[in-house]
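Listed here are the chains, written in short residue letters.
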Amino acid sequence: MSEWWTYGLSDFLMFSARVYYRLFEQYNAALWPAHGLTLAAGLAMLYALARRRERMLRAGVAVLGAMWVWVAWGFLWQRYAEINWPAAYVAPAFALQGVLLIGFAWLGPLSSASDRKVETGFRTIRCANKKLERRFRFQFKVRRSRRPSATPADAKLSRSAASSPPGASSGGGVTRPSSRWHDGDASRGWAWIAAAGLLIFVAALLLYPAIAPLMGRGWPAAELFGLAPDPTAIGTLAILALAAKGWRRWVLMPIPLLWCLLSTATLWTMGAPEFLLPALGALAATAVALAARPAPSPALIA
Amino acid sequence: MTATRRTVLKAMLAGAAVAALPLRAASAQGAGGVITRPIPSTGEAMPVIGLGTWITFNVGDDAKLRDESAAVMEAFFRAGGRMIDSSPMYGSSQPVIGYGLRKLGYPQALFSAEKVWISNPASGPGQMEASRQYWGVPRFDLMQVHNLLSWERHLERLLEMKAQGQLRYVGITTSEGRRHAEFERVMASQPLDFVQVTYNVLDREVEQRILPLARERGIAVIVNRPFRQGDLMRAVERHRLPAWAAEAGAANWAQFLLKFIISHPAVTVAIPATTSVEHVRENMAAATGLLPDEAMRRRMADYVRAL
């Protein structure tokens, strides 16, 4: 594209807002009553996420993967690409996201060789750390006094244990997940992070479909989690922010994040009042994911 | 869709008028009092208002919106319009045009203007054939190289197709002032029938070199984005139409803006796009009645710029 600096977002918008919203009306009409199924699946995911039901959530993530594959084919490829041909290039990315989600849900935690290597590496570091810790404690005792406890290292360790997420292990082993986000020694901060993540998922599942009627477009144009790309991406980000762990979180989050940014750009160019919602959802989920580092251990996904 | 003796004679008379009054447009009146301009390379009469399809005809498979597009086309032809312009870049616009044409029984007046828009020149013929099938026409009247994309090879092929009778006219396009220097070089060196550029009361760069060059070389000019994709209309509609607009033959803002464009002597046809039957009638009405002279055009431009 020559003279690329002369192009604005409006140069890439090839359909009107009316056509875009009617696309959802027609899509919903064609799929009715599948909406009940996706809503039920979303509620089950919400329950599994809130109660930390590992197997149930992993099954939910596999269903979520299937939803991404469906949105890739049923919405992007078959319908959206009709009025916006670049969507045909986005559809494979959605399908890839779906396959990745299904794959990670299938593999489960610490099941791959690389994960075992990573875990072994962490154990080695922890062992080395404990040796250093003992040495430091010894030296400290010699220099200061005979006080047996409450060394600075202990205090640091104790602070870190207090701020650890529920179910987190301070040693090298793998602990069982707590049944709730606020159980055990979880700090109040962790409860807030979990609440924020759950709230984002609730917004994607229950509030996003209400935008169309709130904007005067009526329920037939509602965008539903599992069927429409925006709420599916936002809901996925919320799940990954809370339940995915380590590098897999950052493998699984880019596609939904990029979609949210692309969607905000599209809606802004269309003049849609709700244009900020996908970007806000992505931003909030990223903030939760960053605040949740290190992730709850063991993670529910991966 | 071919030039008749009457249209050619009109064009010749119009040509004589151009020679006598270089600043006045070589206009004539067609069916329904619609002002026409001759296509310089043949003299064929072209109504000065055509129909663009960017965004407005990209409605996908939506049956209701397809019918609305067909209604716009019907109103356009009823008002004496001829040229419909599209591109493979415009999403579903091509099949929607085809739907409308089938519904209207392929009006005789149709002047089909399409574009080839693909980087790989070898894929050009396949893309043009796909476009033709979408429209459902035996051949296109005009094929343009869209935004000068791979123009050398595409243009070579288009000229061959024209020589073989598979096309009637050949052209190139640009929009929003892009690549004007290269555009001029192509205009100066290639046997073009048409060029398509952006021109409106605020975007007037083409007046400097491209429009004079088009007159000098005998190239017809299609004007896209006459309303800046609706932005210009939205901006001026907040203000009252000046009382003297009637002297320019304009009864509303759409006609004010369109008459400014089509009154330029180098312009052959402007192609506003719309989804509304009422608007297409308003636009087509700009192709009737008075056209502003040079002094009035300056006044119109000054007025809009000051708003």
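Residues numbered from 1 in each chain as written. Chains lettered and ligands numbered in written order. Predicted model: local features only at pLDDT ≥ 70, side-chain atom pairs only at ≥ 80, totals over all residues. Heavy atoms only, no water.

**A closer look at a nonpolar patch on the surface**
Residue and element names in this part refer to chain A. Together, Leu 276, Leu 277, Leu 280 and Leu 283 make up a nonpolar patch on the protein surface, roughly 360 Å² of accessible area in all. Mapped onto the secondary structure, Leu 283 falls in helix 12 (residues 276-291). The exposure class assigned to Leu 283 is exposed, which follows from its relative accessible area of 58%. (Patch = residues over 30% accessible without salt bridge, like charges linked within 9 Å, V, L, I, M, F, W, Y side chains within 5 Å. Areas by Shrake-Rupley, 256 points an atom, 1.4 Å probe, with all protein chains shown as cover. Salt bridge = Lys/Arg side-chain N within 4 Å of Asp/Glu carboxyl O. Helix = DSSP H or I, 4+ residues; strand = E, 2+ residues; numbered from the N terminus. Buried < 20%, exposed > 50% of the residue type's maximum accessible area, 1.4 Å probe, protein only.)

**Overview of the confidence of the model for chain B**
All names here are of chain B. For chain B, per-residue confidence averages 90 on the pLDDT scale, and 90% of positions sit at 70 or higher. Residue range residues 1-5 is modelled with pLDDT below 50. Its contacts to residues more than four positions away, or to other chains, number 10 contacts. When the criterion is pLDDT under 50, residues 7-24 qualifies, and its contacts beyond four places in sequence or with other chains add up to 22 contacts. (pLDDT = per-residue confidence, 0-100. Contact = heavy atoms within 4.5 Å.)

**With respect to the interface of chain B and chain A**
Between chain B and chain A, the residue contacts involve 21 residues of the former and 17 residues of the latter. Between chain B and chain A, roughly 1600 Å² of surface is buried when both sides are summed, and carbon and sulfur atoms account for 44% of that area. Across the chain B-chain A interface, the total number found is 2 salt bridges. Between Arg 22 of chain A and Asp 62 of chain B there is a salt bridge, with its nearest N and O atoms 2.5 Å apart. In this structure, the connection of chain B to chain A is made through 6 residue pairs in polar contact (both at pLDDT 80 or more). A per-class count over the side of chain B that touches chain A returns 7 nonpolar, 6 polar and 8 charged. (Buried area = accessible area lost by both parts, 1.4 Å probe. Polar contact = N/O pair within 3.5 Å; in protein donor to acceptor, adjacent residues only side chain to side chain. Nonpolar A, V, L, I, M, F, W, Y, C, P; charged D, E, K, R; others polar.)

**Focus: the environment of Ile 261 of chain B**
All names here are of chain B. Mapping Ile 261 onto the fold places it in helix 9 (residues 253-262). Separated by 193 residues in sequence, Ile 261 and Glu 68 place their C-alpha atoms 27 Å apart. If near-sequence neighbours (up to four positions away) are discounted, Ile 261 is found in contact with Tyr 199, Asn 200, Val 223, Pro 226, Val 267 and Ala 270.

**Some details on the pattern of salt bridges**
All names here are of chain B. Counted under the stated rule, the structure contains 23 salt bridges over all chains. With a closest N to O distance of 3.1 Å, Arg 204 and Glu 207 form a salt bridge. Note on Arg 204: relative accessible area 23%, which makes it partly exposed. Ionic contacts of the salt-bridge type, sharing partners, join the residues Glu 44, Arg 82, Asp 141 and Arg 168 into one network.

**Some details on helix 2 (residues 34-51) of chain A**
Residues and elements named next belong to chain A. The terminal C-alpha atoms of helix 2, which comprises 18 residues, lie 26 Å apart, in line with the 26 Å expected from a rise of 1.5 Å per residue. Among the residues making up helix 2, those that are buried are His 35, Thr 38, Ala 41, Gly 42, Met 45, Leu 46, Ala 48 and Leu 49. With its buried residues spanning 165 degrees around the axis, helix 2 presents them on a single face. With its phi angle positive at about 55 degrees, Arg 52 sits one or two positions after the end of helix 2. (Expected span 1.5 Å × (residues − 1). Arc of directions from axis to C-beta.)

**Comments concerning the sheet that holds strand 10 (residues 269-270) of chain B**
All names here are of chain B. Taken in spatial order, the 7 strands line up as 4-5-6-7-8-9-10 in an open sheet, and their pairing is parallel. The sheet is open, and its two edges are formed by strand 4 (83-85) and strand 10, each paired on a single side. Against the sheet, helix 4 (residues 124-135) contacts strand 4, strand 5 (111-116) and strand 6 (140-145), and its axis sits at roughly 145 degrees relative to strand 5. (Pairing = 2+ DSSP bridges. Axes fitted to C-alpha atoms, helices over the stretch in contact; angles between N-to-C directions.)

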